[in-house]
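Listed below, chain by chain, are the residues.
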Amino acid sequence: INIPALVNQTAKLWEKYYKKGRARTEADLGTKRAVMFVEGFPEFPAELRETVTGYLYGALDLTGVKNVKITQDTTDPQSWKWIVTWA
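Residues numbered from 1 in each chain as written. Predicted model: local features only at pLDDT ≥ 70, side-chain atom pairs only at ≥ 80, totals over all residues. Heavy atoms only, no water.

1. Describing the pattern of salt bridges
No. 1: What the rule picks out here adds up to four salt bridges.
No. 2: Of the charged contacts in the structure, one is a salt bridge between lysine 20 and glutamate 43, with a shortest N-O distance of 2.5 Å. Of the two residues, lysine 20 sits in the loop between helix 1 (3-17) and strand 1 (22-28) while glutamate 43 sits in the loop between strand 2 (33-39) and helix 2 (46-63), which places them 23 residues apart along the sequence.
No. 3: Overall, the relative accessible area of 38% leaves lysine 20 in the partly exposed class.
No. 4: A salt bridge links arginine 24 to glutamate 39, with the shortest nitrogen-to-oxygen separation between them at 3.0 Å. You can see arginine 24 sitting in strand 1 and its partner glutamate 39 sitting in strand 2, a full 15 residues away along the chain. (Salt bridge = Lys/Arg side-chain N within 4 Å of Asp/Glu carboxyl O. Helix = DSSP H or I, 4+ residues; strand = E, 2+ residues; numbered from the N terminus. Buried < 20%, exposed > 50% of the residue type's maximum accessible area, 1.4 Å probe, protein only.)

Below, the structure written as structure tokens:
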């Protein structure tokens with residue numbers, strides 16, 4: 001399973017559910033790290049940001065990867081970030 005591709009698909013789903021903001025990802029297979037960004041949606045509610053975290057956990061759990069960690073970086077409301085690492 002290509003974890004960065006899975007995170008990228010999650011970002012692509014954004015357009016299906018939201019008319020505001022833009023989602024994108026950056027990934028590095030060497031460090032087993034991917035970051036999903038949601039930009040241009042500063043009022044994105046905290047509850048829905050937690051839903052994104054849960055969706056990412058659930059999707060990654062289905063792949064069988066171990067030691068999945070997802071950290072939200074909420075320091076910049078113009079660019080919400082979900083930092084995903086795995087083993």
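Next, the rest of the story.
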